[in-house]
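Structural description and commentary
Letter by letter, the chains look like this.
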Amino acid sequence: MITGKTLLVGIIGDPVEHSLSPPMHNAAFKHLEMDYVYVPFHVSGENLEKAIQGARSLEIRGLNVTIPHKTAVIPYLDEVDPAAQLIGAVNTIKFNEDKAKGFNTDGLGAVKALEEITPVKDKKVLIMGAGGAARALAFQLILNGIGDLVIANRTPEKAVQLALDIQSKLEFSPEATGLGEVELSSTDILINTTSVGMYPHQDQPPLIRGQQMHPELVVNDIIYNPLKTNLLKEAESIGARTLNGTKMLLYQGMESFRIWTGVTPPVEVFERSLMRTLGNKI
Ligand SMILES: NC(=O)c1ccc[n+]([C@@H]2O[C@H](COP(=O)([O-])OP(=O)(O)OC[C@H]3O[C@@H](n4cnc5c(N)ncnc54)[C@H](OP(=O)(O)O)[C@@H]3O)[C@@H](O)[C@H]2O)c1
């Protein structure tokens, strides 16, 4: 029951109505008997600054930030965590007294999920895509000690841009190519961060076929709808290990929850809620 003591967290985005986060967080608050509620707020770009000021005035405890505000929100914060600063995007804000601090839990969630399948240290990783998710993953993977990184994108110039940005901020030089030049014989981990194969385009042909892969490869598609993309089917067909995007989604949310409350929620509660929501959507 919402009372005068209930604490408020939520998500801002445009659009925001498709967000999977409210049910996951609210299920965990209920399970843990914590007096919080998580609410979606539709915020347009022109109202972003006012929304952050309003959140401070309303003593909102925390916000997730989604498309298209992850970068634009940074100037309105008092402090940004070093990894989020490197990535240049914030998906979690913690309001504490009068201070708003930004974090990025996307990269953290993705790498935690991957490390359950394989250690990433010293590995050679190939990321397909050079958008927001690719940025978060690339920086976090480098912070976690990968050995080599190739960024392959449909628009190669964007891959080059991301590689140059990484090079200017860290002592690390990724290789940048187009998707046509992908060569996987010496790659340990292949990650798809493009939207190719995502619902409602799940029948799209995958960017890489099984013949181009090898059985020791770990193939991570960060898409979670469908749970098994055509890329993952190709990987399975040659015996490679696979990982879909659900764990990344769960872990980024659980880390936001921890940042706001100091409590790590049980993964099963988040997962049950996510699967129920995805089940309703598919
Ligand atoms: N599991 C999770 O928690 C999680 C979190 C975030 C995102 N995601 C998923 O990650 C995907 C990308 O998200 P994002 O925020 O990074 O999006 P984004 O910034 O818009 O980037 C999209 C990327 O996909 C590429 N792309 C789009 N259509 C393509 C096509 N037909 N062929 C080849 N490449 C194509 C784009 O290439 P160009 O540069 O050439 O346009 C770009 O690199 C989405 O499917 C999203 O659902 C999952």
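You'll find the structure just up there.
What comes next concerns the included structure. (Residues numbered from 1 in each chain as written. Predicted model: local features only at pLDDT ≥ 70, side-chain atom pairs only at ≥ 80, totals over all residues. Heavy atoms only, no water.)

Here we look at helix 2 (residues 48–57)
Each full turn of the α-helix corresponds to 3.6 residues, which orients residues three or four apart in the same direction. Applicable threshold: Type-normalised accessible area, obtained with a 1.4 Å probe on protein chains alone, sets the label of each residue: buried when under 20%, exposed when over 50%, and partly exposed for intermediate values. Here a strand is any run of E in DSSP of at least two residues, a helix any run of H or I of at least four, and the numbering for each starts at the N terminus. Of all possible arcs, the one meant is that of the directions from the helix axis to the C-beta atoms.
For helix 2, the full list of buried residues reads L48, I52 and A55. Burial along helix 2 is one-sided: seen end-on, the buried residues are contained in an arc of 60 degrees. Residues K50 and S57 are exposed on helix 2 and point more than 90 degrees away from its buried face. Trailing helix 2 by a residue or two, E59 shows a phi angle of about 55 degrees, which is positive.

Focus on the site of the ligand
Threshold: Only heavy atoms are used to decide nearness, and a residue is near a molecule or strand if one of them lies within 4 Å of it. Pairs of N or O atoms within 3.5 Å make up the polar contacts considered here, provided that, within protein, one atom can donate a hydrogen while the other can accept it, and that residues adjacent in sequence are counted only when both atoms are side-chain atoms. To be clear on the numbers: accessible area is Shrake-Rupley with a 1.4 Å probe, and residue cover counts the displayed protein chains and nothing else. By the convention adopted, Pro, Cys, Tyr, Trp, Phe, Met, Ile, Leu, Val and Ala count as nonpolar, Lys, Arg, Asp and Glu as charged, and the other residues, Gly among them, as polar.
In the vicinity of the ligand, 21 residues are found, and the nearest of them are A133, N153, R154, T155 and I222. R154 is positioned such that a nitrogen or oxygen atom in its side chain is 2.9 Å from an oxygen atom of the ligand. Between the ligand and K158, the relevant distance is 3.3 Å, taken from an oxygen atom to a side-chain nitrogen or oxygen of the residue. Coverage of the ligand by the protein amounts to 76% of the 920 Å² it exposes when considered alone. Mapped onto the shell around the ligand, the elements with two or more residues apiece are helix 5 (132–143) and helix 8 (246–261). When grouped by side-chain class, the residues that make up the shell around the ligand number 10 nonpolar, nine polar and two charged.

A closer look at the pairing of strand 3 (residues 62–65)
This is how it is decided: A strand pair is defined by DSSP finding two or more bridges across the two strands.
Every second residue of strand 3 is oriented toward a common face, with G62 and N64 on one face and L63 and V65 on the other, all of them buried. Note that strand 1 (residues 7–13) and strand 3 share four bridges and pair parallel. Within strand 3, the position partnered with G10 by the bridge is L63. With three bridges connecting them, strand 3 and strand 5 (residues 92–96) associate as antiparallel partners. Bridging from a neighbouring strand, N64 pairs with T92 of strand 5.

Let's talk about the packing of aromatic side chains
Inclusion rule: A pair of aromatic rings is counted whenever rings of Phe, Tyr or Trp (Trp by its six-membered ring) have centres within 6.5 Å, and the orientation is called stacked for planes under 30 degrees apart, edge-to-face for over 60 and tilted otherwise.
Inspection of every chain in the model, using the stated rule, returns four aromatic pairs. Here the aromatic rings of F29 and Y36 are separated by 4.8 Å at their centres, their planes lie at 10 degrees, and the arrangement is stacked. Of the residues examined, F29 reaches a relative accessible area of 1% and is grouped as buried. Here Y36 falls in the buried class, since its relative accessible area comes to 18%.

Things to note about the nonpolar core
Keep this limit in mind: Put simply, a nonpolar core is a bunch of buried Ala, Val, Leu, Ile, Met, Phe, Trp, Tyr and Cys residues held in one set by side-chain atoms that sit within 4.5 Å of each other. Start and end points for every domain follow an automatic or database-based domain assignment.
Counting residues in hydrophobic clusters, the biggest one holds 55 residues, and the most contacted among them are I127, L141, L149, I166 and I191. For this core, the element with the highest residue contribution is helix 8, accounting for eight residues. Of the domains in this structure, domain 1 (7–104 + 247–281) and domain 2 (107–244) are the two that each give at least three residues to this core. Core analysis: the second largest hydrophobic core is formed by 16 residues, I52, I60, F95 and A100 among them.

Regarding the pattern of salt bridges
As a reminder of what qualifies: Basic side-chain nitrogens of Lys or Arg form a salt bridge, by our definition, when they fall within 4 Å of a carboxyl oxygen of Asp or Glu.
Tallied over the full model, the rule gives nine salt bridges. The salt bridge involving K101 is made with E79; its shortest N-O contact spans 3.5 Å. With K101 in strand 6 (residues 99–103) and E79 in strand 4 (residues 79–80), this pair connects stretches of sequence that are 22 residues apart. Classification of K101 by relative accessible area gives partly exposed; the value is 27%. In this structure, E234 engages R209 in a salt bridge whose closest nitrogen and oxygen atoms are separated by 3.2 Å. Pair noted here: E234 is in helix 7 (residues 230–237) and R209 is in the loop between strand 10 (189–192) and strand 11 (218–221), with a separation of 25 residues, a long-range link. Several salt bridges share partner residues, and in doing so they unite R135, D165 and K169 into one network.

Limitation: the analysis is restricted to geometry and does not speak to function.
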